[in-house]
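In case you want the letters, here they are:
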Amino acid sequence: MPAADPEYDKHVNRVVEALRGAIEDRGKLVPYAVLRVGNDPGASWARAAAEELLRGIPGNMTPDRLPSFSLLRDVLAEAVKLGDGQRTDAAARAIRNRLYAVRAEAAGLPALLWRIGGGERPSGSQGAIGWLINTVWAPAFQNLPRWLWARWKTHRLTRPLSLSPRNRRRRRLGTELDAERGEDLFGAVYHWMWTSGLFNGTPLGEEALQVCENLLVRALLEDLGAPSVGGLLPKRRRRTARPVLLLALPHDSMQGVAAERFLKAFHAAHSATAANAAQPPGPLVVAVGQASTALLDQLEPGDRNFATAAGCLARGHDRPVRVRFGAEALLRAGHPVAKAKTLASFRTNWRFATAMVTAMASVVVAGIVIWIPTPQMSPCVGGDDTVDKSARAQPIEVRPAEWYDAAVKEIDAQNARAVDFAKAGRTVRTVVVFVSNRPTSSRDTVFDGVIPELRGIAMWQKKLNDDANSDSSQVPLRVDVRETGVAFAGAEQAAKELVKEIGDGKGSPAYQRVIGVLGYAQSRDETKAALTVLDRAKILAVDTTATADEMLGGQNYWPITPLNSREGAIEANFVATSDIVARPDGGCVPARHAVVIETYGDLYSRSLAGQFVKDFTGSKLLLNFTQDKASAAPPAGTPAYDTAADLAARVCAEVKRQPDSVIYWSARARDFTAFINAFNTDGTCLQRDLTVLGGNELTNVSQTGAFNNKDWLRLYYSAHRLPDDDKRASAITRNFVNDYENFVRTTTTGDDPWVQDGHSAVAYDAFHTFSLVANMTYNQQPAAPPSQMEINFRNSGATFNGATGYVQYAPGVNQPPADKTLVLLRQVGQKPVAVAACGAFDQDQSSVDQGEPCSATPR
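Residues numbered from 1 in each chain as written. Predicted model: local features only at pLDDT ≥ 70, side-chain atom pairs only at ≥ 80, totals over all residues. Heavy atoms only, no water.

Novice: Before we move on, can you summarise the overall build of the chain with the specific residues and values?
Specialist: Regarding its fold elements, the chain presents 26 helices and 22 strands. For the chain, contacts bridging at least 24 residues in sequence account for 72% of all contacts bridging at least 6. (Helix = DSSP H or I, 4+ residues; strand = E, 2+ residues; numbered from the N terminus. Contact = heavy atoms within 4.5 Å.)

In structure tokens form, the structure reads like this:
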């Protein structure tokens, strides 16, 4: 926000109040605090935030007690009072005793107990009474309670969070205080303040205030991190949503010193090393206004627009996000801010819920005493069978060149119909579809979804032409299929040629004018570079199955499928909570260990593996595998393999060492086939089923029956629509499958393996999206430039019920459709079975209500 604006404070308050309105509805919807500048530049905004968060909490929510923050705040205050004294252990003990007395009184200890152990030492120290006081009473009733209390508080604030493997090396404040072994919290704080030179007989300077703010913010973040959940105590689960802190930065930099001191401390707490960083996720901090140059240089946030900033927040981005805009933006009406959706709401207070849980627990315990069930193994999700169950004797014979040419021939036929519309005076335009290359062998076909995607595009083009016969509002579209080489090697150059072609005005008559791009089925550095070229030229691009988050960044690119961040989170939750790993004695268990296979030089693979590793809660091992000698090397320390036999031997050894392991495959399908064949040839690990979970990359090869003879393989993979025989599939999905089968039957010969593959449905819905934007752009404005396509899309969004499920693009943000469908399939025999379906696979469905693995993942 421009600091020179004379109405700066008015604009800041406008934004702050709009954000406050989203988290308040006749009371707080989520715990939040609004922080504004005061008269004291030395004030701590961490203190102000803590006080505000404890006021007016959402209904029936258990408030955050902030035990770490309140104790550290009081320790610092007492230490400052003693600052100009001598650095002695007695001073540290005085701080401890004072705070112990205050908390003992607040806890309502019985008066007699307080007089015995909490009050001052009784008068009189002569004779037998004095001896008893000094040798019995003082150690047992005064020194010991204080010492135990200090030890406990020291452990809570400076020791590891827990003894679990995940948190064993994670410390809270011990590193910041440089606490010596055996030193309690009170001595550590007091001696640390002396060592840091904070005591000089004068009021604390800016450096000292910043250091104190760092400690207070760190303690506050620990209290506001992930709350204790689970167990039998409902009070522990009553955090309705992540806390929010709204900071109104003042116009005057001198008045804003306290706010910037808080922001520096907040950034420092999250920028620590992994072992010492603040406990996630912590509060969401939104600072509104102009920060100083010094603060911005320290935070080093990248400049973003509102669309990419929203995407960062949705994906749990752990770095500061800065949104910059000009003064003219402040004069326009803002976008409406929707009310916050909380994780839970509570109709009763925690005491009533605790009473109910206690009563139910009593009934359960009584039942257990009367009846003890016989232990049974958990059944495997999707059944106990491996991929060979009821499978074909031989894989389906694919006919790549014939099927590819048949799809292109149908597109050419539909193009001729579109030209006829143009000759009749209708507005017709052209969309370019970028594909990799025309397949020449079965090896190309099974590892590339280009054939089902072209079929889906041809199917929508035919429907569009059919509808245009009677509906004059429809804008027929020609499809120009352009190949870019193996693995999209020539994608960037093809995009440059298209931009030049549009800029030169080629493509006359009007129906040949290109208004946008469809395609880019793979996330690669080459396709990302091509999107950058199109974005600079303001050419709209709607993808098919490129899922890497890294593909985002421009204004003119709109994904149709869920991003890897969503897929990785769902899959990590699935393997950790679902019984998928087979045991020798029968049944299955969740995965406790994951062997993650990636190709670091492949953008899709690197992205998906990184998201899964981030979200999987068990132990994991990352291995790099590529058969391409020119592929980029992984970071130092990552084991790398370039032959399938060596990788198979390593995976075998890992599975023997940790039997409850899942193999998470993010590399390409061709490499997966090589690994499976090598694993089978080696034969030393075939006594027990191997469980593999992969991405959408594996659908094509899996459904051809390439692994039908692998009776040791339990294969799961992701897809973007439900099988038509799944009872959850919508009527539109079933109708699409019927149309697809009819299309294949009338245009090709031979058995088709991909009737349950989602690539065709995704391309169908992507083209549907594009044609909606073309209708709203060229139906009323035939002379509109191609750049108007993205403007209309951004302003209006798009909503329809499609072959892949409910598609709802929100206006203003070029993200995938809200709560887009993601399905996990298990390959058995001739067709897959859905073992998890997340998102809006029908209009009335939502991942929030679908339980694990869907409900705990980002939408």
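Novice: With reference to specific residues and values, describe the packing of aromatic side chains.
Specialist: Overall, the coordinates contain 19 aromatic pairs when judged by the stated rule. Ring centres 6.3 Å apart and planes at 45° place the aromatic pair Phe 488 and Tyr 520 in the tilted group. Taken together, the positions of Phe 488 in the loop between β7 (477-483) and α17 (491-503) and Tyr 520 in the loop between β8 (514-519) and α18 (525-536) put the pair 32 residues apart, joining distant regions of the chain. On the numbers, 4.1 Å between centres and 25° between planes, the contact of Trp 558 with Phe 793 is stacked. Of this pair, Trp 558 sits in strand β10 (residues 557-558) while Phe 793 sits in helix α26 (residues 787-796), and the two are 235 residues apart along the sequence. Phe 793 carries the same exposure label as Trp 558, and that label is buried. Through successive ring pairs, a cluster of aromatic residues spans Phe 625, Trp 665, Phe 672, Phe 675, Phe 679, Phe 707 and Trp 712. Its end group placed over the ring of Trp 403, Arg 455 keeps NZ or CZ at 5.4 Å from the ring centre. Between Arg 606 and the ring centre of Tyr 600, over which it is positioned, the NZ or CZ distance is 5.2 Å. (Phe/Tyr/Trp six-rings, centres within 6.5 Å; stacked < 30°, edge-to-face > 60°. Buried < 20%, exposed > 50% of the residue type's maximum accessible area, 1.4 Å probe, protein only. Lys NZ or Arg CZ within 6 Å of the ring centre and 35° of its normal.)

Novice: Run through the nonpolar core, naming residues and quoting values.
Specialist: Core analysis: the biggest nonpolar cluster contains 60 residues, and Phe 69, Phe 186, Leu 245, Leu 247 and Phe 262 have the highest contact counts within it. Once residues lying within four places of it in the same chain are set aside, the contact partners of Phe 186 are Leu 71, Val 75, Ala 92, Ile 95, Arg 96, Leu 99, Trp 149 and Ala 150. Met 459, Tyr 740, Ala 803 and Val 807 belong to the second largest nonpolar core, which has 50 residues in total. (Core = buried A, V, L, I, M, F, W, Y, C linked by side-chain atoms within 4.5 Å.)

Novice: Quick one: what's the story with a nonpolar patch on the surface, residue by residue and with numbers?
Specialist: A cluster of nonpolar residues, Leu 144, Trp 147 and Leu 148, forms a patch on the protein surface that exposes about 300 Å² of accessible area. Residue Leu 144 is classed as partly exposed on the basis of its relative accessible area, which comes to 39%. (Patch = residues over 30% accessible without salt bridge, like charges linked within 9 Å, V, L, I, M, F, W, Y side chains within 5 Å. Areas by Shrake-Rupley, 256 points an atom, 1.4 Å probe, with all protein chains shown as cover. Salt bridge = Lys/Arg side-chain N within 4 Å of Asp/Glu carboxyl O.)

Novice: Describe unusual backbone geometry, and please don't skip the residues or the numbers.
Specialist: A negative phi angle is the norm for most residues apart from glycine, just as the trans form is the norm for most peptide bonds. In the segment running from Glu 852 into Pro 853, the intervening peptide bond is cis, with an omega of 0°. Relative to the elements of secondary structure, Pro 853 occurs in the segment after β22 (831-838). Positive phi is not limited to glycine here, since Ala 487 has a value of about 55°. With respect to the helices, strands and loops of the structure, Ala 487 is situated in the loop between β7 and α17. In this structure, Lys 538 takes a positive phi of about 60° despite not being glycine. Looking at where Lys 538 falls in the secondary structure, it is placed in the loop between α18 and β9 (541-543). A residue is classified by how much of its surface remains accessible, and Lys 538, at 49% relative accessible area, is partly exposed.

Novice: Explain the packing of helix α19 (residues 564-577) against helix α20 (residues 603-615) to me, and be specific about the residues and the numbers.
Specialist: Two measures define how a pair of helices packs: the angle their axes make with one another and the distance between the axes. Where α19 meets α20, the closest approach of the two axes is 8 Å, and the angle between their N-to-C directions is 45°. One finds that α19 runs oblique with respect to α20. Seen along the crossing, α19 lies across α20 with a hand that is right-handed. The segment α19 lies against α20, with Asn 564, Ser 565, Glu 567, Gly 568, Ala 569, Glu 571, Ala 572 and Val 575 engaging Tyr 604, Ser 607, Leu 608, Gln 611, Phe 612 and Asp 615. (Axes fitted to C-alpha atoms, helices over the stretch in contact; angles between N-to-C directions. Parallel < 35°, antiparallel > 145°, perpendicular 65-115°, else oblique. Left-handed = near helix turned anticlockwise from the far one by under 90°.)

Novice: Could you give an account of the pairing of strand β16 (residues 661-665), with specific residues and numbers?
Specialist: With 5 of 5 residues buried, β16 is to be regarded as a mostly interior element. Along β16, one buried face is formed by Ser 661, Ile 663 and Trp 665 and the opposite face, lined by Val 662 and Tyr 664, is buried too. Where strand β13 (residues 593-598) lies against β16, 5 bridges are found, and the strand directions are parallel. Opposite Ala 594, over in β16, you have Val 662 as the bridge partner. Considered for its hand, the β-α-β crossover made up of β16, helix α22 (residues 669-682) and strand β17 (residues 690-694) is right-handed. (Pairing = 2+ DSSP bridges. Right-handed = clockwise from strand over helix to strand, strands pointing away.)

Novice: Pulling in residues and values, what's your account of the packing of helix α21 (residues 644-657) against α22?
Specialist: As a packed pair, α21 and α22 sit with axes 8 Å apart at the nearest point and diverge in direction by 65°. Comparing their axes, α22 and α21 come out roughly perpendicular. Between α21 and α22 lies a crossing of right-handed hand. Residues Ala 644, Ala 645, Leu 647, Ala 648, Val 651 and Cys 652 of α21 touch α22, and the partners they reach there are Ala 674, Phe 675, Ala 678 and Phe 679.

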